[in-house]
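# Overview (structure and organization)
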Amino acid sequence: MSEVALARKPWAKTLNRTQWRSLLAANLGWLFDGFETYALILTASLVLRTLEPTAPATQVAFLTGATIAVTLLGWGFGGIVGGVFADYFGRRKALLTSMVLYAAFTGLTAVSWSWASFLVLRFITGFALGSEWGTGTSLVAETWPAHARAKAAGLMQCGLGLGFFLASACWYFIAPLGADSWRYMFLIGVLPALFALWLRRKVPESESWTSAHRRRGELKNRESGELTAHEKSFTRLTLRQIMVDPKLRRLTILGSLMSLVTTLGWWGISTWVPAYVASRAAGAGHSATAWASGAGMIYNAGAIAGYVAFGFLADRVGRKPAVLLYFAASLILTPVLFLWTHSLGLIVVVLVVNGFFTLGQYTWMPVWLPEFYPTHLRATGAAFVFNAARFVAFLGPLTAGAIISKLGGYGVAATAVGSIYVLGLVVAPFCPETRGQKLPD
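Just so we're clear, the structure is a prediction, and the values are computed from it rather than from any experiment. (Residues numbered from 1 in each chain as written. Predicted model: local features only at pLDDT ≥ 70, side-chain atom pairs only at ≥ 80, totals over all residues. Heavy atoms only, no water.)

## Focus on the overall build of the chain
Along its length, the chain carries 22 helices and 0 strands. Computed over its C-alpha atoms, the radius of gyration of the chain comes to 21 Å, within 12% of the 22 Å expected for a compact globule of 441 residues. Each principal axis of the C-alpha atoms in the chain carries an extent, and together these give about 70 × 45 × 40 Å. Scored against the burial criterion, the 441 residues of the chain give a buried share of 58%. Put simply, the chain shows about 16800 Å² of open surface, and 67% of that area lies on carbon and sulfur atoms. Across the chain, the 36 positively charged side chains and the 19 negatively charged ones have centroids separated by 4 Å. (Helix = DSSP H or I, 4+ residues; strand = E, 2+ residues; numbered from the N terminus. Rg over C-alpha atoms; globule rule 2.2 N^0.38 Å. Buried < 20%, exposed > 50% of the residue type's maximum accessible area, 1.4 Å probe, protein only. Areas by Shrake-Rupley, 256 points an atom, 1.4 Å probe, with all protein chains shown as cover. Lys, Arg positive; Asp, Glu negative; His and termini not counted. Charge placed at Lys NZ, Arg CZ, Asp CG, Glu CD.)

Okay, structure coming up:
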């Protein structure tokens, strides 16, 4: 059936079981990542009090930022390596490997005996986490039709918000269990190993990748002088090719700048939402722990809606207008939440809207990035753009943590880091509009 004919039918009725399974695999992989990541955000201060009890209270925010930063660095390295692995060895195998490694090391995190051991295990866990996104994004993009691809990306990306939401819900019940409650949160992270068994049996490899892999093998057996420029792109290291090709290099640079905006904006601002709300609640005589968990759930409820809405919006009006809307709204909403909203009731309302845009904007990457790169480079390109930003974005939590430690407040730190959204508004117009187009071969 042609793409035009498919587009005339209700989009959900144009899909087969394999496409839905691919989406479920990518969504659940991202959900587990989200759970583990937000578990760190929720428990970091308690971990520090347990493993580093002599640390002065004024250094807790900085040390929390350092812990998150180490995870980000591991995620960055692992994501890039995982993307290359997925282009050479397959989407399914890369996703499976990442699941098993992540489950093993997040479980080991639960038995950390010092802050140094915790940091090492966080780096390795981040390394394993990193490869899931690029692999899942490529798998979904290559199995879903063009008219529904952005919707699939939004549904995949909402797994992160679901993971965040589940982490907040679990922490609400686990936090009262005492000083070692954070260990129970990381033990839950072992569950993805069970999901890996289902993934191995039920999710097939991407046909697009299989075809590209076969083509790469055929071209490697030919003399270099006989190959065209396009054919040589199959034989070069994927990471090198996205930098050598002028068009791909330009798209990689533009995408990386926008990725930096989204990543630094979230890790440098929104990770402080639970702590900020907890401080407001404590000042009003309420339970700081309960409000921190509640804030995480409320914020991520808005984020889940934002993830899904971006995909539908990008299919309706285009990738570029959707990105610009989310960047502009995030720029405005950061000071609204952290500087101008003081009532707990109003904070709840603003949290939903803020989560919709600041975290929901992540969907632009699984929507747009797979449409920048051909199949044999897709996981490498998407993973590089998504993860390389972390080598700079890790400074966000450190910077914000340092400002908070110095000034004792969240508003100035969040607003200062939030100015990064201006860069996104400047860069996005230079990217090509790809709505409704076939994926590059």
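## Considering the pattern of salt bridges
Inspection of the entire model under this criterion finds 11 salt bridges. One salt bridge connects Glu36 with Arg122, and the closest N-O pair in it is separated by 2.3 Å. Here the residue Glu36 occupies a position in helix H2 (residues 17-51), and Arg122 occupies one in helix H5 (residues 115-143), the gap between them amounting to 86 residues. One exposure class covers both Glu36 and Arg122, and it is buried. Linking Arg183 and Asp180 is a salt bridge whose minimum nitrogen-to-oxygen distance equals 3.2 Å. (Salt bridge = Lys/Arg side-chain N within 4 Å of Asp/Glu carboxyl O.)

## Overview of the side chain of Thr137
Position of Thr137 relative to the elements: it lies in helix H5. Those residues within four positions of Thr137 in sequence are excluded, and the remaining contacts are Met156, Pro366 and Pro370. (Contact = heavy atoms within 4.5 Å.)

## With respect to a nonpolar patch on the surface
Taken together, the side chains of Phe77, Val81, Phe123 and Phe127 present a nonpolar region at the surface, about 340 Å² in accessible area. Of all the elements in the fold, those that place two or more residues in the nonpolar patch are helix H3 (60-89) and H5. Assignment of secondary structure puts Phe77 in helix H3. The partly exposed category is assigned to Phe77, whose relative accessible area is 43%. (Patch = residues over 30% accessible without salt bridge, like charges linked within 9 Å, V, L, I, M, F, W, Y side chains within 5 Å.)

## Here we look at the confidence of the model for the chain
Chain-level statistics for the chain give a pLDDT mean of 85 and a share of 93% at 70 or above. Here helix H1 (residues 3-8) is the element of the chain with the lowest mean pLDDT, 56, and helix H22 (residues 421-427) is the one with the highest, 96. (pLDDT = per-residue confidence, 0-100.)

## A look at the nonpolar core
If you look at the biggest cluster of nonpolar residues, it comprises 103 residues, and the most contacted ones within it are Met258, Trp266, Leu359 and Trp364. No other element matches the 13 residues that H2 contributes to this core. Setting aside residues up to four positions removed in sequence, Leu359 forms contacts with Leu160, Phe164, Trp266, Tyr299, Asn300, Ala303, Tyr307 and Asn354. Of all hydrophobic cores here, the second largest spans 13 residues; its members include Ala25, Met99, Tyr102 and Ala196. (Core = buried A, V, L, I, M, F, W, Y, C linked by side-chain atoms within 4.5 Å.)

## Section: the packing of helix H4 (residues 91-109) against helix H8 (residues 192-202)
Where H4 meets H8, the closest approach of the two axes is 8 Å, and the angle between their N-to-C directions is 165°. In this view, H4 runs roughly antiparallel relative to H8, as classed from their interaxial angle. Remark: the crossing between H4 and H8 carries left-handed chirality. Where H4 approaches H8, its residues Arg92, Leu95, Leu96, Met99, Val100, Tyr102 and Ala103 are matched on the opposing element by Pro192, Ala193, Phe195, Ala196, Leu199, Arg200 and Arg201. In terms of residue class, the contact of H4 with H8 is made up of 11 nonpolar, no polar and 3 charged. (Axes fitted to C-alpha atoms, helices over the stretch in contact; angles between N-to-C directions. Parallel < 35°, antiparallel > 145°, perpendicular 65-115°, else oblique. Left-handed = near helix turned anticlockwise from the far one by under 90°. Nonpolar A, V, L, I, M, F, W, Y, C, P; charged D, E, K, R; others polar.)

## Comments concerning H8
Looking at H8, one finds that the buried residues are Pro192, Phe195, Ala196 and Leu199. Seen along its axis, H8 keeps its buried residues to an arc of 110°; they face one direction. Among the exposed residues of H8, those oriented more than 90 degrees off its buried face are Leu194, Leu197, Arg200 and Arg201. Close packing links the buried residues of H8 with H2 and H4. (Arc of directions from axis to C-beta.)

## Some remarks on the side chain of Glu231
Structurally, the position occupied by Glu231 is in helix H10 (residues 229-235). Under the relative-accessibility criterion, Glu231 is labelled buried at 11%. Contact partners of Glu231, with chain neighbours within four places excluded, come to Arg215, Leu219, Arg222 and Glu226.

## Considering the environment of Ala103
As for its position among the elements, Ala103 is in helix H4. Assessed through its relative accessible area of 5%, Ala103 is described here as buried. Residues Ala103 and Asp33 lie 70 residues apart in sequence; the distance between their C-alpha atoms is 10.0 Å. Once residues within four sequence positions are removed from consideration, Ala103 is found in contact with Gly189, Val190, Pro192 and Ala193.

## A look at helix H14 (residues 288-317)
Given a rise of 1.5 Å per residue, 30 residues ought to cover 44 Å, and the 42 Å separating the end C-alpha atoms of H14 matches this to within 8%. Following H14 by one or two positions, Gly318 has its phi on the positive side, about 115°. (Expected span 1.5 Å × (residues − 1).)

## Things to note about the environment of Ala278
Here Ala278 shows up in helix H13 (residues 273-283). On the basis of relative accessibility, which here comes to 12%, the residue Ala278 falls in the buried class.

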